[in-house]
Amino acid sequence: MEQNLFVYNTLSRKKEKFVPLHPPLVGMYVCGPTVYSDVHLGNCRTYISFDLIFRYLTYLGYKVRYVRNVTDAGHLEGDAGDEGEDKIEKKAKLEHLEPMEIAQKYTIGFREVMQILNILPPSIEPTATGHIIEQIELVKLILQNGYAYEVDGTIYFDVEKYNKTQDYGILSRRNLEDLLANTRDLGGQEEKRGPLDFALWIKAKPGHLMKWPSPWGLGFPGWHLECSAMSNKYLGKQFDIHGGGLDLVPTHHTNEIAQNMAACHTNPAKYWIHTNMLTVNGQKMSKSLGNSFLPHELFTGQNSILNKGYSPMTVRFFILQAHYRSTLDFGNEAMQASEKGFKRLMNAFTLLDKLEASASGEVEIAPLLQRCYDAMNDDFNSPVLIAELFEASRIVNSVYDKSLRIDEKNLSLLKQLMHDFIVDVLGLKNEQAAGDDLPNVMNMIMELRKDAKQNRDYATSDKIREGLQKIGFQLNDGKEGMTWSKL
RNA sequence: GGUCGGAUGGCCGAGUGGCUAGGCAGAGGUCUGCAAAACCUCGUACAGCGGUUCGAAUCCGCUUCCGACCUCCA
């Protein structure tokens, strides 16, 4: 179909034409959450962005295998190599639970949030603990190829040796000298040959709960290893897209590339895609800064920085109104703007079914449709797509008001356009989820009000309208009769 | 401190050499019993200072401010 998709590649820092390695198949790997706490809204932004990408690629007809992992072991507090405590294990000790109980709890919570935000499940959602064998095999391979060394049951990746033949900073565009010059002395790392070396496999200390037997004794895998092992297993040595948050570039993805290069002699992904951060007052949303909040708090409005709650689709719409590579600043004013805008869009989308075609028309939808494609083909530019959908909404409203005529052919094209891009590509859905009987009941009430109006009994007609308003329904008098919507 | 990125109208946000998105808020109008919605019109914004150019918000340089990464972070 449309073969003019351009994708921004972090490797080249340019937009590149998207050409899959094995069309029509597309392999995409996205770094998922570490399940030791609730995901906050900033995390959600990344998964919404990749959901958009997944949806659009699928819409274009590609057969996408989308792998998004769940990290349930190996992610340490402070990346001091082997000195930090496993995040999940730490939490488990605090709450007197099994580590796997922690992982289970937050995995379920994560999936719930994903579903509420209408984020499609990936094709495969592998866990680190489910792939210990694959990770051990990968460590063996890296050792064999001479890019790692063992110190008392812990295996380190030798960054400086790797950089002699490869470019360690290929993704982050930093050279080794600069990196070395800026390394902090964190102490407790005397085992390592170089300050940048990172652990592939870590010896379990006495009392460590999550550990597995390996050729080097009881231990557990390092954080970066799982993604290399699992992407390799499910997508092959080389696949099309590897993604994640921008903050993963300098460490996690840099080390991932080094691991794959050392083991398989190839950069795992052709296109590296990174999503930008969600900010609050210009600052990155993060747990440590204390400016993060949970999706649930946003939906209910129960957080001091929120002046009210916003529906999940409003949140999704808000996020899609910015391009994934730009920072997006969160604010109550911006949320309210999105809430109204989203309502407007969905209102027009609903009205679409009531439109009547004329024998001849004054609008051509084809150019508008092309602009929708153009927007998405330009590195998944959802804000521009949304602007075009508002243009479509204007057409819908004008036709509904009889100030514009549309013929049969263009009307059906318009219907297809709005459905495809709103529902399939943007993944938005109408939340006015009317119960089965509600439309009939509302029609009945509107009949009564119509009669009252015809009898010039405005006291009654206003009473009906105001009464409905109080319980959350808005009546709108139009030329073509009354419509209603949920407030 | 090092590396990188950004500064767009009241707010959020596209764009990136000429045709100056979009949403929200605001002003005026049409419609309406009144509202609401919808439609039409409007505000002529691109941190500052230089430079390149017929022409720059868009390219180059400098300055100021902000942020990200270098500790874990989507």
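Since this is a predicted model, take the numbers as computed values, not measurements. For every chain, the first residue of the written sequence is number 1, and numbering continues from 1 along that sequence. Chains and ligands are labelled by the order in which they are written, letters from A for the one and numbers from 1 for the other. For this predicted model, a pLDDT threshold of at least 70 governs which residues receive local features, and a threshold of 80 or more governs which side-chain atom pairs are given and counted, while totals over whole chains, interfaces and linings are taken from all residues. In computing side-chain values, all of the structure's heavy atoms are included and hydrogens and water are not.

## Re the domain arrangement of chain A
By a widespread convention, an interface's size corresponds to the accessible area lost as its parts come together. Segment limits for the domains were obtained from an automatic or database-derived domain assignment. Segmenting chain A into domains produces domain 1 (19-275), domain 2 (279-425) and domain 3 (438-486). Once you take the C-alpha centre of each, domain 1 and domain 3 turn out to be 57 Å apart.

## A word on helix α2 (residues 87-95)
For each residue, the accessible area found with a 1.4 Å probe, counting protein chains only, is set against the maximum for its type, and the residue is called buried under 20%, exposed over 50%, and partly exposed in between. The helix count covers DSSP runs of H or I at least four residues long, the strand count covers runs of E at least two residues long, and both are numbered beginning at the N terminus. Along α2, the residues classified as buried are Lys87, Ile88, Glu89 and Ala92. Residue His96 follows α2 closely and has a positive phi angle near 55 degrees.

## Here we look at the packing of aromatic side chains
How two aromatic rings sit relative to each other is given by the distance of their centres and the angle of their planes. Pairing of aromatic rings covers Phe, Tyr and Trp, the last counted by its six-membered ring, and requires centre-to-centre distances within 6.5 Å; plane angles under 30 degrees mean stacked, over 60 mean edge-to-face, and any other angle means tilted. Scanning the entire structure with this criterion turns up 21 aromatic pairs. Between Phe54 and Tyr66, the aromatic rings sit 4.9 Å apart at their centres with planes inclined by 55 degrees, giving tilted as the arrangement. Of this pair, Phe54 sits in helix α1 (residues 41-59) while Tyr66 is found in strand β4 (residues 63-68), placing the two residues twelve residues apart along the sequence. Residue classification places Phe54 among the buried positions, given a relative accessible area of 9%. Ring pairing ties together the aromatic residues Tyr56, Tyr59, Tyr324, Tyr373, Phe380 and Phe421, which thus form one cluster. The criterion for a charge sitting over a ring is simple: Lys NZ or Arg CZ within 6 Å of the ring centre, and within 35 degrees of the ring normal. Note that Lys161 overlies the ring of Tyr147, its terminal NZ or CZ placed 5.9 Å from the centroid.

## Some thoughts on the nonpolar core
Core analysis: the biggest nonpolar cluster contains 86 residues, and Tyr56, Leu417, Met418 and Phe421 have the highest contact counts within it. It is α1 that contributes the most residues to this core, eleven residues altogether. Counting contributing residues per domain, this core is built from domain 1 (19-275) and domain 2 (279-425), each supplying no fewer than three. Those residues in contact with Met418 that lie beyond four places of it in its chain are Leu345, Phe349, Leu352, Leu389, Ala392, Ser393, Val396 and Val423. Only buried residues count toward a nonpolar core. Its members are Ala, Val, Leu, Ile, Met, Phe, Trp, Tyr and Cys residues joined through side-chain atoms within 4.5 Å. Counting 41 residues, the second-largest nonpolar core is a separate cluster that includes Val159, Leu225, Ala229 and Leu248. Contacts are residue-level and defined by heavy atoms, with any inter-residue pair within 4.5 Å sufficient.

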